[in-house]
Each structure stands twice: as C-alpha cells, then as structure tokens.
Amino acid sequence: DAGITQSPRHKVTETGTPVTLRCHQTENHRYMYWYRQDPGHGLRLIHYSYGVKDTDKGEVSDGYSVSRSKTEDFLLTLESATSSQTSVYFCASGPTGDGELFFGEGSRLTVL
Amino acid sequence: SQQGEEDPQALSIQEGENATMNCSYKTSINNLQWYRQNSGRGLVHLILIRSNEREKHSGRLRVTLDTSKKSSSLLITASRAADTASYFCAPAGSGTYKYIFGTGTRLKVLA
C-alpha cells in the first residue's frame with residue numbers, strides 16, 4: 001500500500017477556530033489532492049497540487065487554503081471553521097496527473 | 001468538466017449474481033478509472049482503461065469504454081458480500097490534473 005497518512009484522524013473544534021489537516025506521503029508523488037465527502041454529495045475536490053508550491057482550486061475551495069512546501073506534505077487549512085465544513089476529508093496522491101490515485105484513510109472533522 | 005456520473009445510485013443484488021454499474025462523462029479523456037470505497041474508508045483503485053481500449057479485465061472485474069458515447073461500464077461477476085461498497089468512476093487526463101468524482105453507485109450484495 002502507498003504510504004499516505006492523514007492527521008489528525010478525528011477532530012472536534014468550535015466555530016471560528018483555525019484548523020489544519022495534514023497529508024503526508026512517502027511515495028514521492030508529484031500530485032496531491034484534498035477532497036471532502038458528505039452524504040449525498042460524493043467526493044468533492046477542494047484543492048490540488050501539481051508540484052511543490054504549485055496549487056490550484058477545485059470545486060469547493062471557498063473557506064479553504066492549502067500549502068505544499070515539500071513534496072511529501074500537503075496541508076489543508078480552514079482559517080475560520082464553520083459548521084458547514086463538518087465533513088470527512090480525504091487526501092490523495094498520484095505520480096502522474098492522470099494515473100492511479102492513492103487515498104488516505106480520511107480525517108473526520110466536526111465543527112460545533 | 002471532467003466529472004464522471006455513476007448510475008444507478010444504488011444497487012442491491014444476491015450473492016453470486018452479476019453487478020453492472022455505468023459511468024457517463026462529458027469531455028475527452030486520456031483514461032477512465034474505477035475506484036471502490038468501503039464504508040468509512042478511503043477509495044481504492046480498481047482498474048484503469050485507456051481511451052484507445054474498449055474492454056479490460058481484472059479478476060472478476062470487466063470494464064468497457066465507449067468514447068463515442070462518453071460512457072463506461074463496470075461489471076462485477078459472481079458478486080460476494082465483500083463486494084458491498086460504493087463504486088466511483090474518474091475520467092482523467094486530457095489537459096487537466098483534476099479528478100472529479102460523482103456521487104457513486106452504492107452496491108449491496110446480500111448473502
């Protein structure tokens with residue numbers, strides 16, 4: 001299995017607080033992705049990265065920012081969490097921009 | 001967009017039966033991929049079919065691709081209870097690095 005880990009796996013926070021989710025991969029994959037999954041919506045792309053310091057927006061990027069200072073780490077930040085950002089967040093990585101993606105196990109975020 | 005849309009939304013079959021799910025997309029692609037998600041887990045890659053291929057097999061999985069209709073199908077033969085999961089398609093490539101997933105097909109295999 002590809003080495004992709006997400007942290008934290010579970011987090012409960014309050015509205016208005018900042019939250020950072022970390023995705024770490026040991027496969028030297030160039031491409032990394034953040035998705036959120038909510039009932040009835042499937043997976044929705046938040047942001048993705050096609051190299052160190054190269055990122056772009058996905059379908060639902062409002063309220064989220066990302067950073068990628070190293071190949072292995074892709075951080076997702078909620079500057080001021082809202083209840084609508086309660087979700088399960090999945091990170092994925094891949095060696096090419098159109099090949100197999102490897103997913104992490106998810107981070108469950110609850111914003112009260 | 002590069003989004004795949006799966007159909008049906010839900011499917012319930014008996015163990016041993018075949019399960020067929022479909023995917024439609026709107027743009028040109030380099031390849032199309034199918035993924036499985038067990039409840040509460042991350043997605044797992046099942047199979048990739050390139051745009052110049054019409055059919056591909058992997059174990060009990062058979063995938064077809066019709067680029068003229070912009071559609072693909074995933075057939076799981078002799079289904080098992082362990083196949084119970086959600087299945088997603090992901091059209092990929094052709095000028096974008098985005099993987100846009102649909103809402104998936106929820107397959108339930110009854111023992």
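Residues numbered from 1 in each chain as written. Chains lettered and ligands numbered in written order. Predicted model: local features only at pLDDT ≥ 70, side-chain atom pairs only at ≥ 80, totals over all residues. Heavy atoms only, no water.

Turning next to the overall build of chain B. Broken down by element type, chain B carries zero helices and 10 strands. Expressed along its principal axes, the backbone C-alpha trace of chain B runs to roughly 45 × 30 × 20 Å. Put simply, chain B has 111 residues, and 46% of those count as buried. Restricting to contacts in chain B with at least 6 residues of sequence separation, those with at least 24 account for 57%. (Helix = DSSP H or I, 4+ residues; strand = E, 2+ residues; numbered from the N terminus. Buried < 20%, exposed > 50% of the residue type's maximum accessible area, 1.4 Å probe, protein only. Contact = heavy atoms within 4.5 Å.)

The subject of this paragraph is the nonpolar core. Core analysis: the biggest nonpolar cluster contains 22 residues, and Met-21, Leu-32, Trp-34, Leu-74, Ile-76, Tyr-87 and Leu-107 of chain B have the highest contact counts within it. The residues contacting Ile-76 of chain B, other than those within four sequence positions of it, are Glu-17, Asn-18, Ala-19, Met-21, Arg-60, Leu-61, Asp-83, Tyr-87 and Leu-107 of chain B. Grouped together as the second largest cluster of nonpolar side chains are 19 residues, Tyr-33, Leu-45 and Phe-103 of chain A together with Ala-90 of chain B included. (Core = buried A, V, L, I, M, F, W, Y, C linked by side-chain atoms within 4.5 Å.)

Further remarks concern the state of the cysteines. Residue and element names in this part refer to chain A. Evaluation of the coordinates by the stated rule reveals two disulfides over all chains. Linked covalently through their sulfurs, Cys-23 and Cys-91 form a disulfide whose S-S length is 1.8 Å. Because the torsion about its S-S bond is -70°, the bridge between Cys-23 and Cys-91 counts as left-handed. Here Cys-91 lies in strand S9 (residues 87-94) and Cys-23 lies in strand S3 (residues 19-25), a separation of 68 residues in the sequence. (Disulfide = S-S within 2.5 Å.)

The next subject is the interface of chain A and chain B. Taken together, the contacts link 23 residues of chain A with 23 residues of chain B. Roughly 1800 Å² is buried in total at the junction of chain A and chain B, and carbon and sulfur atoms are behind 54% of that figure. Along the contact surface separating chain A from chain B lie one salt bridge. Residues Arg-41 of chain B and Glu-105 of chain A are paired through a salt bridge, measuring 2.6 Å at the closest nitrogen-oxygen approach. (Buried area = accessible area lost by both parts, 1.4 Å probe. Salt bridge = Lys/Arg side-chain N within 4 Å of Asp/Glu carboxyl O.)

Residues and elements named next belong to chain A. The antiparallel open sheet is built from four strands, whose spatial order is S1-S3-S8-S7. Strands at the two margins of the open sheet, each flanked by one partner only, are strand S1 (4-7) and strand S7 (64-70). Neighbour-to-neighbour, the strand axes of the sheet open up by a mean angle of 20°, direction not taken into account. As paired strands, S1 and S3 are joined by four bridges and run antiparallel to one another. Within S3, the position partnered with Gln-6 by the bridge is Cys-23. (Pairing = 2+ DSSP bridges. Axes fitted to C-alpha atoms, helices over the stretch in contact; angles between N-to-C directions.)

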